[in-house]
Every structure is written in C-alpha cells, then in structure tokens.
Amino acid sequence: MATLRVKPGQRFTLPGWHTSSHLISANAERQRSASHQVRQEARALRNETNNQTKWDEHDNQTRLAERISSVNRWKETLDKCLADIDVEIDALAKVKEAAERALQAKNLPLDISIECLTLRESRRAIDVVRDHVEEELHAEVKVIEKAKRQLQQRVNEAFKQLCRLQEARQQLSRDHQRKMEALEIDCMCLSLNVNSPNISFKVNPTRVPDRPTAPHQWEQNSQCNKECAEAEMKASAGLREATMLTIAQTNNELEAQRVATEFALRKRIRDLERAYDELKWQEQNTLEEIAEMEEDIRRLEEDLRRTMQDLKVAHTRLESRMYRPGVELCQDQAQYGLTHEVYQLGGTIRALQQKLAESQAALDALYRQLHHIQADIGYKSSSLVLDNKCLDSRRKLVVPDKKFVPAVDTFNRTTDRAPSPLSSGQLELA
C-alpha cells in the first residue's frame with residue numbers, strides 16, 4: 001500500500017464547508033449591492049455636478065456678456081462725448097485765436113490814433129484848438145481801449161473755459177481708458193474655456209479687491225463725467241457765441257469811429273516815398289539772395305546726403321571684410337584704399353557740414369535782415385498813411401466834405417508796386 005508523502009491538514013466538516021460557501025455568497029451579494037448603490041450615487045452626483053457646473057458657467061458667460069455689453073455701451077457713449085468735446089475744444093480755441101487776433105489788430109489803430117493826436121500837438125498859435133477832429137480822435141482812442149478790455153476779458157474767459165474743457169476731457173479719457181482695459185479683460189475672460197492654454201490655479205482668487213465699487217457707483221461715476229463734460233460744452237458754446245458777438249460789436253464800433261475820423265488825419269510825406277522805394281528795392285534784392293542761398297543750401301544738403309551714402313558703402317565694405325576667414329584677413333591694398341576713403345569722406349562730410357552751417361547762418365542773417373526791412377517798410381508805410389491823413393484832415397476843416405477832393409493822393413501813387421505783407425496788413429487796419 002502506497003504511503004502519503006505529506007501529512008494531511010485539518011479536516012473540516014461538511015456542514016462547515018456548506019456554511020463557508022453560503023457566507024462567501026452572502027458577502028459577495030452584499031458587496032455587489034453596496035457597490036451598486038455607490039455607483040448609482042456617483043452617477044447621480046456626476047449628473048448633478050455636471051449640470052450645475054454647466055449652468056453656472058452658462059450663467060457667468062451670460063453675466064460677462066451683459067457686463068461687456070454694458071461697458072461697451074458706456075464706451076461708445078464716452079467715445080461720442082470725447083469726439084464732441086474735442087470738436088468744442090477746437091471750436092473754442094479757434095474763437096479764442098480769433099479774439100486774440102482781433103485784440104492784436106486793435107494795437108495798430110490805437111497807435112495810429114495816439115500818433116495823430118501827438119502830431120496835432122505840434123500845431124501853434126491859433127491853430128491849437130480842440131476841434132471836431134481832435135474830439136473824434138479822443139473818442140476813437142476810448143472806443144479802441146474799451147474794445148481791447150472787452151476782447152481781453154473774452155480771451156481770459158475762453159482760456160479758463162479751455163482749461164475746464166481739458167480737465168473734463170481728461171476725466172472722460174481716463175474713464176474711457178479704464179473701460180477699454182476692463183472690456184479687454186472681460187472679453188478675455190469670456191473667451192476662456194477648459195482648453196485654453198493659460199488657465200491655472202490661483203492663490204486666493206475669491207479675495208475682495210481693495211476699495212471695490214458698487215455697480216451704481218460705477219455707473220454714477222461715468223454719468224457724472226458725461227454730465228460735467230456736457231455742462232462744460234454748453235458753457236463753452238455760450239462763451240463762443242458771446243465772444244463772436246463781442247468781436248463783431250467791437251469791429252462795428254471801431255469801423256463806425258474809423259469812418260468818422262478817416263478824412264481827419266491825412267498828410268503827405270514825400271521823403272518817406274523815397275525811403276519806401278529804397279526799402280522795396282532792398283527787399284527785392286534780399287529775396288533774390290535768399291532764393292539763391294536756399295538753392296545752394298539744398299545742393300549742399302544733397303551733396304552731404306550723397307557723401308553720407310558713400311560713407312555707408314565704405315563702412316559696410318570695411319565691416320564685411322573683417323569677417324574674411326583665416327589668412328584671408330590681410331591688410332591688402334583694398335583695405336588701405338577703403339580706410340583712406342573713409343577718412344577722406346569723413347573730412348568731406350565735416351567740410352560740407354561746416355559750409356552748410358555757415359550757409360544756414362548766412363540765410364538766417366538774410367531772413368533777419370529781410371524781417372528788419374519789411375518791418376521798416378511797415379513803419380514807413382504807416383508814417384506815410386498817417387501824414388497823408390493829417391494833411392487831408394487839416395484841409396477838411398475849411399472845405400466841405402462833399403466838395404473835398406484830395407489834391408494829390410500821395411500814397412496811391414505807389415499802388416502799382418506790390419506792398420509787403422506787413423505793409424498790407426497795416427493798410428487794412430489803418
């Protein structure tokens with residue numbers, strides 16, 4: 001009889017074996033039931049959280065879109081307000097410049113009136129009388145000074161209003177810039193999704209920022225800026241109308257006074273005509289010399305540019321030859337020639353620049369001299385007009401206006417000559 005090589009282990013009873021099988025089966029059933037319950041709860045949780053996440057994301061997308069729309073509406077409103085205030089600033093600046101020009105234009109009539117009064121002070125004996133001409137001249141001085149005060153007041157008001165407009169524009173521009181930045185941030189946030197490359201976890205993203213504003217404060221700030229700008233634009237429009245009315249009124253008053261005294265202050269000066277002719281001849285010659293000098297300067301500048309280009313070529317050649325390999329980097333005749341060319345061109349450029357500076361200085365001197373000549377022409381023209389008017393006014397004292405015909409219009413004898421811009425302006429204001 002064969003023998004067992006291994007000693008048999010513990011022996012279990014048959015009921016124990018059946019009990020163990022039932023226990024294992026029952027545990028398996030229980031574990032499967034628990035697992036099924038967990039799986040069902042997990043599925044429900046997944047469905048619930050997915051739905052909640054999608055709806056939250058949809059709601060926030062909608063909120064962001066509404067916020068972008070709101071900010072964009074205010075941005076467009078501020079854009080229009082900025083455009084309107086820019087137009088108003090430009091219009092007020094032009095009116096201010098017009099008032100300044102009108103104020104500046106009153107200086108010459110005032111000088112002429114004072115000079116005429118001074119000229120009439122040279123009368124002697126019985127002719128030193130306070131006649132109608134002198135009264136009109138005194139009235140003209142008062143009218144001009146009153147007009148200057150009114151215009152200066154308008155200029156000051158326009159300057160202050162321009163400052164207020166600029167301040168309002170700065171507020172609008174700052175608000176507009178902030179909205180542009182906020183719009184850019186919100187648009188970027190709206191475009192983010194789970195596939196965006198720049199998303200990450202942040203440290204404490206739910207923190208409340210320093211000094212946050214409420215929605216009504218945000219809208220109230222923009223509304224306040226807009227209303228302030230509109231109020232300043234309305235005030236500016238009223239000031240523009242008042243300034244233009246002041247300019248028109250002062251011009252009308254001055255014109256009426258000028259008409260009342262235009263025949264009272266005339267006098268001929270023959271020697272001034274000779275000086276005027278000499279100055280016109282000098283002006284013409286100076287203008288010709290200026291034209292020739294400008295042409296020479298243009299040619300010098302062309303030569304200088306051409307020489308600079310040649311120098312660039314030489315520099316490029318030398319720099320390129322620096323990168324020849326190995327033994328090829330030799331100081332050959334080409335290298336010496338290019339180096340010499342660089343030095344030569346440098347000397348040429350310095351000479352051209354020096355001559356250009358001298359030419360420009362000479363041209364500036366010519367322009368200064370031309371300015372002096374034209375100013376002197378204006379002085380001579382003004383003196384000629386004043387003396388001619390003084391002479392005619394003295395003749396009008398004894399000759400009726402309807403029968404008064406100037407014997408010789410000294411100044412009109414020179415109307416075939418083209419007066420300088422300065423003298424033309426003086427004649428118009430006179």
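Residues numbered from 1 in each chain as written. Predicted model: local features only at pLDDT ≥ 70, side-chain atom pairs only at ≥ 80, totals over all residues. Heavy atoms only, no water.

### Some details on the overall build of the protein chain
Okay, so step 1: The helix and strand inventory of the protein chain stands at 7 helices and 0 strands.
Okay, so step 2: What you see in the protein chain, going N to C, is helices and strands ordered as α-α-α-α-α-α-α.
Okay, so step 3: Looking at the protein chain residue by residue over its 430 residues, the buried ones come to 29%.
Okay, so step 4: Taking the contacts inside the protein chain whose residues are at least 6 apart along the sequence as the reference set, 88% of them involve residues at least 24 apart.
Okay, so step 5: A total of about 29,600 Å² of accessible surface is found on the protein chain, and carbon and sulfur atoms cover 55% of it. (Helix = DSSP H or I, 4+ residues; strand = E, 2+ residues; numbered from the N terminus. Buried < 20%, exposed > 50% of the residue type's maximum accessible area, 1.4 Å probe, protein only. Contact = heavy atoms within 4.5 Å. Areas by Shrake-Rupley, 256 points an atom, 1.4 Å probe, with all protein chains shown as cover.)

### Regarding the pattern of salt bridges
In a structure, side chains of opposite charge can pair up when their charged atoms sit close to one another.
Okay, so step 1: For the structure shown, the criterion picks out 17 salt bridges.
Okay, so step 2: Where glutamate 100 meets lysine 96, a salt bridge forms, and the shortest distance between an N and an O atom there is 2.5 Å. Highlighted residues: glutamate 100 and lysine 96, both in helix α1 (residues 14-105), separated by 4 residues, approximately one helical turn.
Okay, so step 3: Under the relative-accessibility criterion, glutamate 100 is labelled partly exposed at 32%.
Okay, so step 4: A relative accessible area of 14% means that lysine 96 is categorised as buried.
Okay, so step 5: With its nearest N and O atoms 2.2 Å apart, the salt bridge here joins arginine 306 to aspartate 303. Within this pair, arginine 306 and its partner aspartate 303 are both found in helix α5 (residues 270-321), separated by 3 residues, close to a single helical turn.
Okay, so step 6: Here arginine 306 falls in the partly exposed class, since its relative accessible area comes to 47%.
Okay, so step 7: Note on aspartate 303: relative accessible area 28%, which makes it partly exposed. (Salt bridge = Lys/Arg side-chain N within 4 Å of Asp/Glu carboxyl O.)

### Remarks on unusual backbone geometry
Okay, so step 1: The phi dihedral of asparagine 204 falls on the positive side, at around 50°, and the residue is not glycine.
Okay, so step 2: Mapped onto the fold, asparagine 204 is located in the loop between α3 (132-191) and α4 (215-261).
Okay, so step 3: In this structure asparagine 204 comes out as partly exposed when scored by relative accessible area, which is 44%.

### A look at the packing of aromatic side chains
Okay, so step 1: If you walk through the whole model with that rule in mind, you get 0 aromatic pairs.
Okay, so step 2: Here arginine 67 stacks its cationic end above the ring of tryptophan 218, 3.9 Å away from the centre of that ring. (Phe/Tyr/Trp six-rings, centres within 6.5 Å; stacked < 30°, edge-to-face > 60°. Lys NZ or Arg CZ within 6 Å of the ring centre and 35° of its normal.)

### Considerations on the state of the cysteines
Okay, so step 1: The tally for this structure, following the rule as stated, stands at 0 disulfides.
Okay, so step 2: Just so you know, cysteine 81 is unpaired, no disulfide at all, and the nearest cysteine sulfur is the one on cysteine 228, 10.0 Å from it.
Okay, so step 3: Of all cysteine sulfurs, the one in cysteine 228 lies closest to cysteine 224, which takes part in no disulfide; the gap is 4.0 Å. (Disulfide = S-S within 2.5 Å.)

### Quick word on the confidence of the model for the protein chain
Okay, so step 1: In this model, the protein chain carries a mean pLDDT of 79, and residues with pLDDT of at least 70 account for 80%.
Okay, so step 2: Predicted confidence is poor over residues 396-430, with pLDDT under 50, and the contacts of this stretch with residues over four places away or in other chains come to 64 contacts. (pLDDT = per-residue confidence, 0-100.)

### Describing a negative patch on the surface
Okay, so step 1: Negative charge collects at one region of the surface, where Glu288, Glu289, Glu292 and Asp296 lie side by side.
Okay, so step 2: Structurally, aspartate 296 can be placed in helix α5. (Patch = residues over 30% accessible without salt bridge, like charges linked within 9 Å, V, L, I, M, F, W, Y side chains within 5 Å. Lys, Arg positive; Asp, Glu negative; His and termini not counted. Charge placed at Lys NZ, Arg CZ, Asp CG, Glu CD.)

### Things to note about a nonpolar patch on the surface
Okay, so step 1: Taken together, the side chains of Ile185, Met188, Leu192 and Ile199 define a hydrophobic patch exposed on the protein surface, amounting to about 340 Å² of accessible area.
Okay, so step 2: Counting through the fold element by element, isoleucine 185 comes out in helix α3.

### Notes on the environment of serine 359
Okay, so step 1: As for its position among the elements, serine 359 is in helix α6 (residues 333-396).
Okay, so step 2: Given the relative accessible area of 9%, serine 359 is considered buried.
Okay, so step 3: When sequence neighbours within four positions are dropped, the list of residues in contact with serine 359 reads Met293, Ile297 and Leu300.

### A word on the environment of valine 143
Okay, so step 1: Structurally, the position occupied by valine 143 is in helix α3.
Okay, so step 2: Through-space distance from the C-alpha of valine 143 to that of leucine 110 is 9.4 Å; in sequence the pair is 33 residues apart.
Okay, so step 3: Sequence-distant contacts of valine 143, defined by excluding residues within four places in its chain, comprise Glu253, Leu254 and Gln257.

### Some remarks on the side chain of serine 196
Okay, so step 1: Structurally, the position occupied by serine 196 is in the loop between α3 and α4.
Okay, so step 2: Relative accessible area serves as the criterion here: at 15%, serine 196 is assigned to the buried category.
Okay, so step 3: In terms of polar contacts, serine 196 uses its side chain to reach the backbone amide nitrogen of asparagine 193, at 2.9 Å. (Polar contact = N/O pair within 3.5 Å; in protein donor to acceptor, adjacent residues only side chain to side chain.)

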